[in-house]
Amino acid sequence: MEHVDEKIIKQREMMEEFEKQRFDKDNIEKENQSSIFDGQIEIHKIPVSFAERSLLDDRIAIWMPEDFKELTQEEINAVYLLGNKPDVVYGNAYLNLSLGFHYTDNEVPNEYMGDFVKIARMILEKSGPKVTVYSEKVRKTGHHTVSSLELVSHTITDTIYNVMFYSSLNGKVLIGFLNFNYRYLDRYKKIAKEMLESFRFIEDSRKEEEG
(Lines give C-alpha, C1' and ligand atoms only; values in the text may rest on other atoms or scores of the structure.)
Protein backbone atom coordinates (compact mmCIF):
# COMPACT_ATOMS: atom_id res chain seq x y z
CA MET A 1 0.00 0.00 0.00
CA GLU A 2 2.86 2.34 0.89
CA HIS A 3 4.47 1.61 -2.48
CA VAL A 4 1.21 2.49 -4.27
CA ASP A 5 0.93 5.78 -2.36
CA GLU A 6 4.50 6.72 -3.30
CA LYS A 7 3.72 5.97 -6.95
CA ILE A 8 0.64 8.20 -6.85
CA ILE A 9 2.61 11.02 -5.21
CA LYS A 10 5.36 10.67 -7.83
CA GLN A 11 2.84 10.81 -10.67
CA ARG A 12 1.21 13.89 -9.17
CA GLU A 13 4.59 15.62 -8.86
CA MET A 14 5.39 14.80 -12.49
CA MET A 15 2.04 16.22 -13.62
CA GLU A 16 2.61 19.40 -11.61
CA GLU A 17 6.07 19.80 -13.11
CA PHE A 18 4.69 19.29 -16.62
CA GLU A 19 2.06 22.00 -15.99
CA LYS A 20 4.81 24.39 -14.86
CA GLN A 21 6.83 23.67 -18.00
CA ARG A 22 3.80 24.25 -20.26
CA PHE A 23 3.46 27.86 -19.12
CA ASP A 24 7.15 28.52 -18.53
CA LYS A 25 8.46 31.71 -20.17
CA ASP A 26 11.23 29.88 -22.04
CA ASN A 27 8.78 27.34 -23.42
CA ILE A 28 6.42 30.08 -24.61
CA GLU A 29 9.29 31.95 -26.29
CA LYS A 30 10.30 28.74 -28.06
CA GLU A 31 6.74 28.00 -29.19
CA ASN A 32 6.29 31.56 -30.46
CA GLN A 33 9.05 30.96 -33.00
CA SER A 34 6.68 28.68 -34.93
CA SER A 35 3.83 29.77 -37.18
CA ILE A 36 0.33 28.42 -37.77
CA PHE A 37 1.29 28.41 -41.46
CA ASP A 38 3.77 25.61 -40.66
CA GLY A 39 0.73 23.36 -40.42
CA GLN A 40 1.36 22.08 -36.89
CA ILE A 41 2.53 23.96 -33.82
CA GLU A 42 2.57 23.42 -30.08
CA ILE A 43 0.38 25.51 -27.79
CA HIS A 44 1.50 25.04 -24.20
CA LYS A 45 3.05 21.70 -25.27
CA ILE A 46 -0.14 20.47 -26.97
CA PRO A 47 0.30 19.70 -30.70
CA VAL A 48 -2.29 21.59 -32.75
CA SER A 49 -2.75 21.27 -36.52
CA PHE A 50 -3.85 24.35 -38.47
CA ALA A 51 -5.29 24.61 -41.97
CA GLU A 52 -7.31 27.04 -44.05
CA ARG A 53 -11.07 26.50 -43.96
CA SER A 54 -13.79 28.00 -46.15
CA LEU A 55 -16.77 29.43 -44.25
CA LEU A 56 -20.08 31.21 -44.81
CA ASP A 57 -21.01 29.23 -47.91
CA ASP A 58 -17.47 29.44 -49.33
CA ARG A 59 -17.43 33.23 -49.30
CA ILE A 60 -14.56 33.70 -46.84
CA ALA A 61 -11.56 31.66 -45.69
CA ILE A 62 -9.37 31.70 -42.59
CA TRP A 63 -6.72 29.49 -40.99
CA MET A 64 -7.84 27.77 -37.78
CA PRO A 65 -7.18 24.59 -35.79
CA GLU A 66 -8.28 21.62 -37.89
CA ASP A 67 -10.41 20.21 -35.07
CA PHE A 68 -12.36 23.43 -34.47
CA LYS A 69 -16.04 22.60 -34.55
CA GLU A 70 -19.07 24.83 -34.91
CA LEU A 71 -20.87 25.40 -31.61
CA THR A 72 -24.57 24.63 -31.42
CA GLN A 73 -27.03 27.47 -30.90
CA GLU A 74 -27.58 26.24 -27.34
CA GLU A 75 -23.84 26.41 -26.66
CA ILE A 76 -23.65 29.93 -28.12
CA ASN A 77 -26.58 31.06 -25.98
CA ALA A 78 -24.91 29.64 -22.87
CA VAL A 79 -21.62 31.46 -23.51
CA TYR A 80 -22.90 34.75 -24.93
CA LEU A 81 -25.55 35.81 -22.47
CA LEU A 82 -26.11 39.38 -23.69
CA GLY A 83 -27.46 40.70 -26.98
CA ASN A 84 -25.67 40.78 -30.35
CA LYS A 85 -24.86 37.09 -30.24
CA PRO A 86 -22.60 35.85 -33.06
CA ASP A 87 -24.19 33.81 -35.83
CA VAL A 88 -21.49 31.18 -35.73
CA VAL A 89 -18.70 30.30 -33.29
CA TYR A 90 -15.88 27.75 -33.64
CA GLY A 91 -13.76 26.19 -30.91
CA ASN A 92 -12.61 22.93 -29.33
CA ALA A 93 -12.49 21.41 -25.87
CA TYR A 94 -8.85 22.02 -24.99
CA LEU A 95 -7.91 25.47 -26.35
CA ASN A 96 -8.95 28.69 -24.67
CA LEU A 97 -9.62 30.28 -28.05
CA SER A 98 -12.80 31.07 -29.98
CA LEU A 99 -13.43 32.28 -33.52
CA GLY A 100 -16.80 33.68 -34.52
CA PHE A 101 -18.70 35.76 -37.05
CA HIS A 102 -21.79 37.95 -37.08
CA TYR A 103 -23.22 38.99 -40.44
CA THR A 104 -25.17 42.17 -39.80
CA ASP A 105 -27.89 44.03 -41.70
CA ASN A 106 -25.85 47.24 -41.60
CA GLU A 107 -25.20 48.38 -45.15
CA VAL A 108 -21.67 49.77 -45.45
CA PRO A 109 -19.80 49.60 -48.79
CA ASN A 110 -16.28 48.24 -48.87
CA GLU A 111 -14.74 51.67 -49.51
CA TYR A 112 -16.02 52.94 -46.15
CA MET A 113 -14.76 50.06 -43.99
CA GLY A 114 -11.61 51.98 -43.06
CA ASP A 115 -13.79 54.62 -41.41
CA PHE A 116 -16.27 52.12 -39.96
CA VAL A 117 -13.70 50.87 -37.43
CA LYS A 118 -13.61 54.34 -35.85
CA ILE A 119 -17.34 54.14 -35.24
CA ALA A 120 -17.01 50.64 -33.84
CA ARG A 121 -14.23 51.80 -31.52
CA MET A 122 -16.30 54.72 -30.26
CA ILE A 123 -19.27 52.45 -29.53
CA LEU A 124 -17.10 49.94 -27.69
CA GLU A 125 -15.32 52.58 -25.60
CA LYS A 126 -18.65 54.16 -24.65
CA SER A 127 -20.05 50.81 -23.58
CA GLY A 128 -18.40 51.28 -20.19
CA PRO A 129 -15.17 50.96 -18.20
CA LYS A 130 -15.12 47.20 -18.79
CA VAL A 131 -13.71 47.71 -22.31
CA THR A 132 -10.25 49.07 -23.14
CA VAL A 133 -9.16 49.38 -26.80
CA TYR A 134 -5.41 48.97 -27.38
CA SER A 135 -4.98 49.20 -31.15
CA GLU A 136 -6.79 50.02 -34.37
CA LYS A 137 -5.62 48.81 -37.79
CA VAL A 138 -6.78 48.88 -41.42
CA ARG A 139 -5.40 46.66 -44.18
CA LYS A 140 -6.23 45.58 -47.71
CA THR A 141 -6.77 41.95 -48.59
CA GLY A 142 -7.41 41.45 -52.26
CA HIS A 143 -10.17 43.87 -53.27
CA HIS A 144 -11.46 44.22 -49.70
CA THR A 145 -10.65 46.46 -46.75
CA VAL A 146 -10.42 44.75 -43.37
CA SER A 147 -10.22 46.88 -40.24
CA SER A 148 -9.51 45.50 -36.77
CA LEU A 149 -9.41 46.39 -33.09
CA GLU A 150 -7.54 44.77 -30.23
CA LEU A 151 -9.26 45.24 -26.91
CA VAL A 152 -9.68 43.85 -23.42
CA SER A 153 -13.09 43.23 -21.90
CA HIS A 154 -14.14 41.89 -18.51
CA THR A 155 -16.66 39.35 -17.36
CA ILE A 156 -17.64 38.70 -13.76
CA THR A 157 -14.78 36.24 -13.36
CA ASP A 158 -12.30 36.76 -16.22
CA THR A 159 -10.40 39.28 -18.32
CA ILE A 160 -10.80 38.55 -22.04
CA TYR A 161 -8.50 39.59 -24.88
CA ASN A 162 -10.43 40.25 -28.10
CA VAL A 163 -9.42 40.80 -31.70
CA MET A 164 -12.43 42.23 -33.55
CA PHE A 165 -12.31 42.58 -37.34
CA TYR A 166 -14.72 44.23 -39.74
CA SER A 167 -15.29 43.93 -43.48
CA SER A 168 -18.02 44.38 -46.07
CA LEU A 169 -19.57 41.22 -47.50
CA ASN A 170 -22.03 41.91 -50.33
CA GLY A 171 -22.39 45.47 -49.06
CA LYS A 172 -23.17 44.53 -45.43
CA VAL A 173 -20.90 44.56 -42.39
CA LEU A 174 -19.34 41.24 -41.43
CA ILE A 175 -17.94 41.23 -37.90
CA GLY A 176 -15.38 38.61 -36.93
CA PHE A 177 -13.77 38.01 -33.57
CA LEU A 178 -11.03 36.02 -31.92
CA ASN A 179 -10.93 35.89 -28.15
CA PHE A 180 -9.14 34.14 -25.30
CA ASN A 181 -8.44 34.57 -21.61
CA TYR A 182 -5.97 37.41 -20.99
CA ARG A 183 -3.78 35.15 -18.85
CA TYR A 184 -2.71 33.34 -22.05
CA LEU A 185 -1.79 36.54 -23.90
CA ASP A 186 1.92 35.72 -24.28
CA ARG A 187 1.15 32.60 -26.33
CA TYR A 188 -2.20 33.28 -27.97
CA LYS A 189 -1.63 36.83 -29.21
CA LYS A 190 0.66 35.76 -32.07
CA ILE A 191 -1.71 32.94 -33.02
CA ALA A 192 -4.66 35.35 -33.18
CA LYS A 193 -2.56 37.81 -35.20
CA GLU A 194 -1.69 35.16 -37.78
CA MET A 195 -5.28 33.93 -37.98
CA LEU A 196 -6.41 37.49 -38.67
CA GLU A 197 -3.70 37.90 -41.32
CA SER A 198 -4.97 34.74 -43.04
CA PHE A 199 -8.57 36.01 -43.30
CA ARG A 200 -9.55 36.54 -46.94
CA PHE A 201 -12.45 36.68 -49.37
CA ILE A 202 -12.60 33.72 -51.73
CA GLU A 203 -14.11 35.86 -54.50
CA ASP A 204 -10.85 37.84 -54.61
CA SER A 205 -8.97 34.67 -55.57
CA ARG A 206 -11.55 33.91 -58.25
CA LYS A 207 -11.17 37.43 -59.70
CA GLU A 208 -7.38 37.05 -59.80
CA GLU A 209 -7.73 33.71 -61.60
CA GLU A 210 -10.17 35.20 -64.10
CA GLY A 211 -7.90 38.21 -64.58
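Residues numbered from 1 in each chain as written. Predicted model: local features only at pLDDT ≥ 70, side-chain atom pairs only at ≥ 80, totals over all residues. Heavy atoms only, no water.

### Details of helix α4 (residues 113–126)
At step 1: End to end, α4 covers 20 Å across 14 residues, agreeing with the expected 20 Å (1.5 Å per residue, within 8%).
At step 2: Those residues of α4 lying buried are Met-113, Phe-116, Val-117 and Ala-120. All buried residues of α4 lie within an arc of 105° about the axis, which places them on one face of the element.
At step 3: Tucked inside the fold, the buried residues of α4 contact β7 (131–141), β8 (144–154), β9 (159–169) and β10 (172–181). (Helix = DSSP H or I, 4+ residues; strand = E, 2+ residues; numbered from the N terminus. Expected span 1.5 Å × (residues − 1). Buried < 20%, exposed > 50% of the residue type's maximum accessible area, 1.4 Å probe, protein only. Arc of directions from axis to C-beta. Contact = heavy atoms within 4.5 Å.)

### With respect to the pattern of salt bridges
If the charged atoms of two oppositely charged side chains come close together, the side chains can form a pair.
At step 1: Considering all chains together, one arrives at nine salt bridges under this definition.
At step 2: Here Arg-121 makes a salt bridge to Glu-136, at a shortest N to O gap of 3.3 Å. Of the two residues, Arg-121 is situated in helix α4 and Glu-136 in strand β7; the sequence distance between them amounts to 15 residues.
At step 3: Of the residues examined, Arg-121 reaches a relative accessible area of 24% and is grouped as partly exposed.
At step 4: A residue is classified by how much of its surface remains accessible, and Glu-136, at 29% relative accessible area, is partly exposed.
At step 5: Where Asp-158 meets Arg-183, a salt bridge forms, and the shortest distance between an N and an O atom there is 3.8 Å. Of this pair, Asp-158 sits in the loop between β8 and β9 while Arg-183 is found in the loop between β10 and α5 (185–198), placing the two residues 25 residues apart along the sequence.
At step 6: Each member of the salt-bridge network shares a partner with another, and the members are Lys-118, Arg-121, Glu-125 and Glu-136. (Salt bridge = Lys/Arg side-chain N within 4 Å of Asp/Glu carboxyl O.)

### Let's talk about the layout of surface pockets
At step 1: Each pocket or cavity is described by its volume, and for the second largest pocket that value is around 230 Å³.
At step 2: In terms of residue count, the dominant contributor to the lining of the second largest pocket is α5 (five residues).
At step 3: Tallied by class, residues from the lining of the second largest pocket come to five nonpolar, two polar and six charged. (1 Å grid on protein atoms, 1.4 Å probe; cavity = no way out; pocket = protein on both sides within 12 Å on 5 of 7 lines; lining within 4 Å. Points joined across faces, edges and corners; volume = space filled by probe spheres on them. Nonpolar A, V, L, I, M, F, W, Y, C, P; charged D, E, K, R; others polar.)

### Focus: the environment of Val-131
At step 1: Here Val-131 is to be found in strand β7.
At step 2: On the accessibility criterion, Val-131 (17% relative accessible area) is buried.
At step 3: If we skip the residues at most four places from it in the chain, Val-131 touches Leu-124, Leu-151, Val-152 and Ser-153.

### What about the side chain of Ser-153?
At step 1: Following the sequence through the fold, Ser-153 ends up in strand β8.
At step 2: A polar side-chain atom of Ser-153 sits 2.9 Å from a polar atom in the side chain of Asn-162.
At step 3: In this structure, Ser-153 is in contact with Lys-130, Val-131, Asp-158, Thr-159, Ile-160 and Asn-162, ignoring residues within four places of it in sequence. (Polar contact = N/O pair within 3.5 Å; in protein donor to acceptor, adjacent residues only side chain to side chain.)

### Looking at the sheet that holds strand β3 (residues 60–65)
At step 1: Read across the open sheet, the four strands follow the order β1-β2-β3-β11; overall the sheet is antiparallel. Here the strands that pair on one side only, and so sit at the sheet edges, are β1 (40–43) and β11 (200–201). (Pairing = 2+ DSSP bridges.)

### With respect to the sheet that holds β10
At step 1: As summarised here, the arrangement of the seven strands in space is β4-β5-β6-β10-β9-β8-β7, forming an open sheet in which the pairing is antiparallel. One side of each edge strand has no neighbouring strand; the edge strands of this open sheet are β4 (69–70) and β7.
At step 2: Across three bridges, the pairing between strand β5 (residues 88–91) and strand β6 (residues 98–107) is antiparallel. Paired with Val-89 across the strands is Gly-100, a residue of β6.
At step 3: Each of β6, β7, β8, β9 and β10 is contacted by α5, which is oriented at about 160° to β10, the strand it contacts most. (Axes fitted to C-alpha atoms, helices over the stretch in contact; angles between N-to-C directions.)

### Things to note about the packing of aromatic side chains
At step 1: Scanning the model with the defined rule gives eleven aromatic pairs in all.
At step 2: Within the aromatic cluster, the residues linked to one another by ring pairs are Phe-23, Tyr-161, Phe-180, Tyr-182, Tyr-184 and Tyr-188. (Phe/Tyr/Trp six-rings, centres within 6.5 Å; stacked < 30°, edge-to-face > 60°.)

### Digging into the nonpolar core
At step 1: Of all hydrophobic cores here, the largest spans 34 residues; its most connected members are Leu-99, Phe-101, Phe-165, Met-195 and Phe-199.
At step 2: Among all residues touching Phe-101, those that are not within four sequence positions of it are Leu-55, Ile-60, Pro-86, Asp-87, Val-88, Phe-165, Leu-174, Ile-175, Gly-176, Phe-177 and Phe-199.
At step 3: Listed in part, the 18 residues of the second largest apolar core include Ile-76, Ala-120, Val-133 and Ile-175. (Core = buried A, V, L, I, M, F, W, Y, C linked by side-chain atoms within 4.5 Å.)

Nothing here speaks to function; it is all geometry.
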